[in-house]
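Residue-level listing of the chains:
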Amino acid sequence: MTTSRRDFVQLSILAGGAVGLGIAKKADAGTADVGTAPKQLKILVLGGTGLIGPPMVEYAIARGHEVTLFNRGKTNTQLFPDLEKLKGDRNDDLSAIEAEVKAGRRWDAVIDNTASIPRWVTESAGLLAGSADYYLYTSSISAYADHSTPGADETAPVGQISAEDEAKVLTNKDITGENYGPLKARCEAEARKAFTDERTCVVRPGLIVGPGDYSDRFTYWPIRIYEGGEVMAPGNPTDPVQFIDCRDLGEWYIRLVENGTLGIFNGVGPRSPMSVAGMLYGIRATVDNEISFTWVDADFLEENEVQPWMHMTVWVPPVGEYAGFSTSNIDRAIQAGLTYRPLSETTVATVDYWFSLSEERRAKAKAGCPRELEQKVLAAWHKKEEE
């Protein structure tokens, strides 16, 4: 028997204390347990309405900070109607910020959530270096030169890109899977150049998940498991996975700002190493339906054109150049105050968000294994096992 959405939520409460449907959330804006910051800060957020922006801004407001947003005004425009919003474009229109700087405006901190092009950081950080005390740049785990070493920490080498190739990247449309990481590394360097290491913090998140995730990567698993039946599971059950709830990341950002934390941090989770089996069975614990997992090895998946990360989301076979993928060291981040909510809470919030989307949107998932392909590969796998 497949669970209803209502049953899903109630079972999830039992599994991890999480509540769906927006009834209650950990450390949401306006809740009593957030607490007021010892010092109210003026924070300029470059972005603020994407995935990590909303929970970050909500938490900042709840902590008593004064937040200003700078963005194009095109994403989630209904959010934060009472906040000051400066409208512009990182690519070619910083005039709103320029006017504020010229007028003598100052901020305690800048949080840069949107730049993947070094020129954007050069221009914005350069413009704000004399008008803000602190710069937090959102980089990426992809900034590392390779992922072949398990347990690598923040001292691992980052990717490189030539000046000629960098110059070819004029807008986000010019960013590819090959140049994204090196571009992020260059953005880091530009932030640290403008604000110096004494005023800069760099966070390198991995896969960011949870409510608001428009990539549908992590979302595939809660929804597929919610649907029940025979679920194709990838590779070896012990293969590692890493991800982080957008709310954990966003709220941590504000604590980093409050503490003036400096340095570079891997912003991934969970706190303890997690296998793909741990993730899938953790999600499974939040439903009560007829379901089974069939583990299909990585070679067979590849032979049948099932792609890691895009079809079998969150997961990449930990071999060769990806031997260290999803094993990034997070000791420094934990020491700097990064905390994690239970997987069950992330699962419930993700399902809740998914069902809040239009039926048309849900019919066009951006990631995950199409059901026809899953059934085809499962049938072939069972046939192979019978031979």
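Residues numbered from 1 in each chain as written. Predicted model: local features only at pLDDT ≥ 70, side-chain atom pairs only at ≥ 80, totals over all residues. Heavy atoms only, no water.

A few points about the pattern of salt bridges
So, point 1. Inspection of the entire model under this criterion finds 20 salt bridges.
So, point 2. Among the ionic pairs, Arg-361 bridges to Asp-216, the shortest N-O distance being 2.9 Å. Of this pair, Arg-361 sits in helix α13 (residues 359–362) while Asp-216 is found in the loop between β7 (208–209) and α7 (217–227), placing the two residues 145 residues apart along the sequence. Neither residue differs from the other here; Arg-361 and Asp-216 are each classed as buried.
So, point 3. The residue Glu-374 makes a salt bridge to Arg-224 at a minimum N-O spacing of 3.1 Å. In this pair, Glu-374 is assigned in helix α14 (residues 371–386) and Arg-224 in helix α7, connecting sequence segments 150 residues apart. (Salt bridge = Lys/Arg side-chain N within 4 Å of Asp/Glu carboxyl O. Helix = DSSP H or I, 4+ residues; strand = E, 2+ residues; numbered from the N terminus. Buried < 20%, exposed > 50% of the residue type's maximum accessible area, 1.4 Å probe, protein only.)

Overview of the nonpolar core
It is characteristic of soluble globular proteins that their nonpolar side chains tend to be buried jointly.
So, point 1. Within the largest apolar cluster, 39 residues are counted, with the highest numbers of intra-cluster contacts made by Leu-136, Trp-252, Tyr-253 and Leu-256.
So, point 2. Those elements that provide at least two residues to this core are β1 (42–46), α2 (53–62), β2 (66–71), β4 (109–112), β6 (200–205) and α8 (246–259).
So, point 3. No other element matches α8, which puts 7 residues into this core.
So, point 4. Each residue touching Leu-136, except ones within four places of it in the same chain, is listed here: Val-110, Ile-111, Asp-112, Cys-201, Val-203, Tyr-253, Leu-256 and Val-257.
So, point 5. Core analysis: the second largest hydrophobic core is formed by 34 residues, Leu-207, Val-231, Ala-233 and Phe-243 among them. (Core = buried A, V, L, I, M, F, W, Y, C linked by side-chain atoms within 4.5 Å. Contact = heavy atoms within 4.5 Å.)

Description of the sheet that holds strand β11 (residues 269–275)
So, point 1. Read from one edge of the open sheet, 3 strands run β7-β9-β11, paired in mixed fashion. The open sheet has two edge strands, β7 and β11, and neither has a second partner.
So, point 2. Judged from the 2 bridges that link them, β7 and strand β9 (residues 240–245) form a sheet pairing that is parallel. Each bridged residue has a counterpart across the sheet, and for Ile-208 the counterpart in β9 is Ile-244. (Pairing = 2+ DSSP bridges.)

Some remarks on α2
Each α-helix winds once per 3.6 residues, and so residues spaced three or four apart point in a common direction.
So, point 1. Of all the 10 residues making up α2, 7 are buried; the element is thus mostly covered by neighbouring parts of the structure.
So, point 2. Burial in α2 covers these residues: Gly-53, Pro-54, Pro-55, Met-56, Val-57, Tyr-59 and Ala-60.
So, point 3. Summarising the contacts, the buried residues of α2 are in contact with β1, β2, β4 and α8.
So, point 4. Of the residues one or two after α2, Gly-64 is the one with positive phi, at around 95°.

Focus on the sheet that holds strand β10 (residues 263–267)
So, point 1. Pairing is parallel in the open sheet, where 7 strands are placed in the order β3-β2-β1-β4-β5-β6-β10. The strands lining the two open edges of the sheet, one partner per strand, are β3 (84–87) and β10. Averaged over all neighbouring strand pairs, the angle between strand axes comes to 20°, with direction disregarded.
So, point 2. Pairing geometry for β1 and β2, over 5 bridges, is parallel. In the strand pairing of β2, Val-45 is matched with Leu-69.
So, point 3. The sheet strands contacting α2 are β1, β2 and β4, and the helix crosses β2 at an angle near 155°. (Axes fitted to C-alpha atoms, helices over the stretch in contact; angles between N-to-C directions.)

Quick notes on the side chain of Thr-138
So, point 1. Mapped onto the secondary structure, Thr-138 falls in strand β5 (residues 135–138).
So, point 2. At a separation of 3.0 Å, a polar atom in the side chain of Thr-138 contacts the side chain of Tyr-253.
So, point 3. Excluding residues that lie within four positions of it along the chain, Thr-138 makes contacts with Ile-52, Asp-112, Asn-113, Ala-115, Lys-184, Val-203, Pro-205 and Tyr-253. (Polar contact = N/O pair within 3.5 Å; in protein donor to acceptor, adjacent residues only side chain to side chain.)

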